[in-house]
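# Examining the three-dimensional arrangement
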Amino acid sequence: MSETVFRLAQPQEAQTIIDFVNTHFDWKLPLINRREYFDFYYRPTANALQFAVAEQAGEYLAVAGYIRASKETQSDIWVSVWVAKKGSNGVGLELMNALPGLTGAKLVACNNIRHKTMALYHFLGWSAERLPHYYRLNGQVSYRLAQVQDATILPVAGDLGLEPVSSPNQLEELGLPATPHTPRKDTWYLCRRYFAFPHQSYQVYAARQEGKLLAYVVLRLADSGQGTALRMVDFIGADEILPRLGKALDSLLVESGAEYLDCYCAGIPEEIFTQAGFSPRREDCPNILPNYLNPPLLENTEYYYFTNQPEQFVLFKADGDQDRPNLPAE
């Protein structure tokens, strides 16, 4: 039997990879079959194709698409699409294990894995966990979108304001705040992700003190047609800055008219979020904070993730290929 080869794909293999995924995945993925998504996630430049393949005698056995967190050659990555030919799941797992060496990434992670696959990543010695969910209610008399049995709203404080960042140029001029967190996101990634993303708009804010940049916060207002939710989908900064933004975030929630502000985040301690005024939404929480809004699905949503480097790792809703419109495959 021929040796299995693990390698990075070449740009001219794009259609072959699309055909392989469509043949061997459970359904037709918009990420693969919508051109704007495929190009945004996997072809950030004309000569790029962010896939790795496992092949034997020139035939694909598995493929894995990944997304870079920075423009650096050895950028941290999120795995996005991972598909193996029937009978080749073991090879698919070997390909996943080979990704750090193939891409030069120290950190490999994935947002929104299937719960039943967590054991596979534990087998590799990686961390696979539930993605924590936090929320802050807007204190309304009644709610149409949220289903509220426990109306507790935590107190907030905070001495920092939030300034809108209106353009990529402005963000580039501001630069990056100090943060211990990984993945390491650069301004190229932030500008592209939040100012050039197809079909969806984001509100980027900067927190500064005496001219020094301390953090970025990224929000998105989501309208269900029967109520709105304000999402905090990214935060770049040191943990201790977040509680200092509690009042500013609460003001933005009130101004937006949204029923609640929520955030999916792993890696930042729960006590930091509670100090910032967010309540943890545990699996047995009596409140329902819908995640899918078009159309509204009135239930809580659990996400799971993996990473090979859990130390200082954080994960937010917009990381990887998440926080995107659920559009049909073309």
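Residues numbered from 1 in each chain as written. Predicted model: local features only at pLDDT ≥ 70, side-chain atom pairs only at ≥ 80, totals over all residues. Heavy atoms only, no water.

## Re empty space enclosed by the protein
- Evaluation of the coordinates by the stated rule reveals one cavity of 30 Å³ or more.
- Taken as a whole, the largest cavity encloses approximately 110 Å³ of empty space.
- As for the largest cavity, its lining consists of Phe40, Tyr41, Pro44, Gln50, Ile67, Arg68, Trp188, Tyr189, Arg192, Arg193 and Gly320.
- Here the element with the most residues in the lining of the largest cavity is helix H7 (residues 187–195); it accounts for four residues.
- Considering only residue class, the lining of the largest cavity consists of six nonpolar, two polar and three charged. (1 Å grid on protein atoms, 1.4 Å probe; cavity = no way out; pocket = protein on both sides within 12 Å on 5 of 7 lines; lining within 4 Å. Points joined across faces, edges and corners; volume = space filled by probe spheres on them. Helix = DSSP H or I, 4+ residues; strand = E, 2+ residues; numbered from the N terminus. Nonpolar A, V, L, I, M, F, W, Y, C, P; charged D, E, K, R; others polar.)

## Some thoughts on the sheet that holds strand S2 (residues 51–56)
- Pairing within the open sheet is mixed, and its seven strands lie in the order S1-S2-S3-S4-S5-S14-S6. Each edge of the sheet is formed by a strand with only one pairing partner; in this case those strands are strand S1 (4–8) and strand S6 (127–130). Each strand axis lies, on average, 25° off the axis of its neighbour in the sheet, ignoring direction.
- Pairing of S6 with strand S14 (residues 304–307) involves four bridges; the strand directions are antiparallel. (Pairing = 2+ DSSP bridges. Axes fitted to C-alpha atoms, helices over the stretch in contact; angles between N-to-C directions.)

## Things to note about the environment of Ile236
- Within the fold, Ile236 resides in strand S11 (residues 228–237).
- Those residues within four positions of Ile236 in sequence are excluded, and the remaining contacts are Pro177, Thr179, Lys185, Leu190, Leu214, Ala215 and Tyr216. (Contact = heavy atoms within 4.5 Å.)

## Remarks on the pattern of salt bridges
- In this structure the tally under the stated criterion is 18 salt bridges.
- With a shortest N-O distance of 2.8 Å, Arg43 and Asp39 are connected by a salt bridge.
- Notably, a salt bridge pairs Arg282 with Glu270, separated by 2.8 Å at the nearest N-O pair. Highlighted residues: Arg282 in the loop between strand S13 (279–280) and S14 and Glu270 in helix H9 (residues 270–275), separated in sequence by 12 residues. (Salt bridge = Lys/Arg side-chain N within 4 Å of Asp/Glu carboxyl O.)

## Examining the packing of aromatic side chains
- Summed over all chains, the structure comprises 21 aromatic pairs.
- Judged by centre distance (5.1 Å) and plane angle (85°), the ring pair of Phe40 and Phe197 falls under edge-to-face. Here the residue Phe40 occupies a position in helix H3 (residues 35–42), and Phe197 occupies one in the loop between H7 and strand S9 (203–209), the gap between them amounting to 157 residues. Taken individually, Phe40 and Phe197 each receive the classification buried, so the pair is uniform in this respect.
- Three or more aromatic residues joined by ring pairs form one cluster here, namely Tyr37, Phe38, Phe40, Tyr41, Tyr42, Phe51, Tyr194, Phe197 and Tyr202.
- Here Arg193 stacks its cationic end above the ring of Phe197, 4.3 Å away from the centre of that ring.
- In this arrangement the basic side chain of Arg324 is found over the ring face of Tyr37, its NZ or CZ atom lying 5.9 Å from the centre. (Phe/Tyr/Trp six-rings, centres within 6.5 Å; stacked < 30°, edge-to-face > 60°. Buried < 20%, exposed > 50% of the residue type's maximum accessible area, 1.4 Å probe, protein only. Lys NZ or Arg CZ within 6 Å of the ring centre and 35° of its normal.)

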